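# Architecture at a glance
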Amino acid sequence: MASACIVKMKFASLLIVLWYFATSLCLAKEPSNARKITTRLNPDCDVPECQDGYNGSYANIAHIKAVGSEDTLHYVISTIGVPSVVVIRADPTSSLSFNWKNLLSDNATDRSGSITLTGTALKNSFAVVFTELIEYNDVDDKATISSYFHGNTTTTNYTIHDFGEMMWSEVATVPGNKNSAIFSHTVFKNDSDVKKAEGFLSFTFNAYDNTGRQSVLPKMEYNMNNTLLDLLLNNLTAMYDKSRFSVGVVMIGTSQDKPDITETRSLDDEYTPGVFKMFDWSTKPCLKEDGGYLEWKPICYTSSSRNRLSGTYVNSDDRTDGMNQKHYLERSVAYSYFGDKLFSADMTTSGTNISFGLSEDGFYVKKNYTVWSATIGHGTPPQDAISILVIGVISAGLGLPVVIILFGGIFVIVKKHMAKKDQVMGNFSNSYSQINS
């Protein structure tokens, strides 16, 4: 009898665990908000700069369109001028058109409005502009660019590599993902009059029609409302023995809120071991669900394997007014869409330098490789939470002993009750026998 009760207890415990997992999965299920995603590379381009290049460089635009039932997100990603991402939230039937002749004009007036929207633009369109790649000589191994970069053009502590002067290869998709774009700059060296690839810099963007995570560290979460970015610096020739790199970034929003970076902390490092922070640069810090964002974890990797040992720190400076980068912004596709409104009171800007490296990590020259991941999207930025699997394991570990104790207690009480009942019945039976004798 005891063994039968134990079997029943185990079966009941198993049912409880299975019920918990089923309930957790149902609760975690996201509301249906499917988007149909399509990507066009150099859409409707009718100029040689797209098809054949110009002086070794291509004019590149990727238009990723994510159509939902309530709105459409247009991602305009380009290296024209400087690498930029414009995110336009518009009605579901909206579309974009590109005037390529004006897009590539040297005249700012022509470039203004060369990207036009057919449909109704909603209020939270924004842009992220990568203005420059800064290489600085970290002689004191502080791993912070603010120690050396103060806008003094006569100093020898840093060198600015202008993205606008780089030669960009023709934009292509990532193998296995048609909704993606790779913008790459290859540095060549002359060896016996033969050009050989020496260094490589690239911006890679991936869009998805579902929710998931990168297959590699830092396993950033992607969804239907954002696009995943990887910035790669591979085998670049360092100008200093103690070179570190930093990228200048400007966030542009249409809200009166000043774009700002907020830090969130977590007790769990399940997805990115050793990292308990997340940084969100939002265009509407007080109403994130209606704004745009650039999100990253403070870690980059010095190896293509992206293992824990190859991780190093990512640091961002205090925010500055992005308008001091006006000469870059005016060359970007952000200006091609927003036009002169970009420099009006209707728009807000914020700038920072995102630097790669940690004190005593050997500087860039130790591995000659740095890759950094981030997401750019609309709405509330994703936040890491303890996964259902971990919750289930913890619950099972803590819950099963409780269940066993509970059922064990019930079993003991029932057994004692049955034993007492048997004793009473036995006594009654004996008494009945004595009366009839």
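Refer to the structure above for everything that follows.
These notes cover the structure that comes with them. Numbering of residues starts from 1 in every chain and runs along the sequence as written. Only residues with pLDDT of at least 70 are given local features in this predicted model, and only at 80 or more are side-chain atom pairs given and counted; all residues enter the totals for whole chains, interfaces and linings. The basis for the side-chain values is all heavy atoms of the structure; hydrogens and waters are excluded.

### Examining the pairing of strand 20 (residues 311-316)
Summarising the sheet, strand 19 (residues 299-301) and strand 20 pair through three bridges and their orientation is antiparallel. Paired with Ile 299 across the two strands is Tyr 313, which belongs to strand 20. Strands qualify as paired when DSSP identifies two bridges or more between them. Here a strand is any run of E in DSSP of at least two residues, a helix any run of H or I of at least four, and the numbering for each starts at the N terminus. Bridge count for strand 20 against strand 21 (residues 348-356) is three bridges, and the pairing is antiparallel. Each bridged residue has a counterpart across the sheet, and for Asn 315 the counterpart in strand 21 is Ser 355.

### Description of the nonpolar core
Ranked by size, the top nonpolar core spans 75 residues in total, and within it Trp 100, Phe 163, Phe 203, Trp 296, Phe 356 and Trp 372 carry the most contacts. Here, residues are in contact when the closest pair of their heavy atoms is within 4.5 Å. Those residues within four positions of Trp 296 in sequence are excluded, and the remaining contacts are Met 220, Ile 261, Met 278, Phe 279, Trp 281, Val 314, Ser 316, Ile 354, Trp 372, Ser 373 and Ala 374. Counting seven residues, the second largest nonpolar core, distinct from the first, contains Leu 217, Leu 232, Ile 299 and Tyr 369. Take the buried residues of types Ala, Val, Leu, Ile, Met, Phe, Trp, Tyr and Cys, join any two whose side-chain atoms come within 4.5 Å, and each joined set is a nonpolar core. Accessible area is worked out with a 1.4 Å probe on protein chains only. A residue is then buried under 20% of its type maximum, exposed over 50%, and partly exposed in between.

### Considerations on the pairing of strand 21
By the criterion of burial, strand 21 is predominantly enclosed, with nine of the nine residues buried. Along strand 21, one buried face is formed by Thr 348, Ser 350, Thr 352, Ile 354 and Phe 356 and the opposite face, lined by Thr 349, Gly 351, Asn 353 and Ser 355, is buried too.

### Side note on the packing of aromatic side chains
Stacked, edge-to-face and tilted labels apply to pairs of Phe, Tyr and Trp rings (six-membered ring for Trp) whose centres lie within 6.5 Å, assigned for plane angles under 30 degrees, over 60, and everything in between, in that order. Within this structure, the stated rule accounts for eleven aromatic pairs. Arranged with centres 3.8 Å apart and planes meeting at 20 degrees, the rings of Tyr 208 and Tyr 222 form a pair that is stacked. Of this pair, Tyr 208 sits in the loop between strand 11 (194-207) and strand 12 (212-213) while Tyr 222 is found in strand 13 (residues 221-222), placing the two residues 14 residues apart along the sequence. A ring pair is formed by Phe 356 and Trp 372, whose centres lie 5.9 Å apart and whose planes are at 45 degrees; its orientation type is tilted. Within this pair, whereas Phe 356 is found in strand 21, its partner Trp 372 is found in strand 22 (residues 369-378), the two being separated by 16 residues in sequence. Just as Phe 356 is buried, Trp 372 falls in that class too. Through successive ring pairs, a cluster of aromatic residues spans Phe 130, Phe 163, Trp 168 and Phe 203. The side chain of Arg 213 reaches across the aromatic face of Tyr 271, ending 3.5 Å from its centre. Charge-over-ring placement is defined geometrically: NZ (Lys) or CZ (Arg) within 6 Å of the ring centre, and within 35 degrees of the ring normal.

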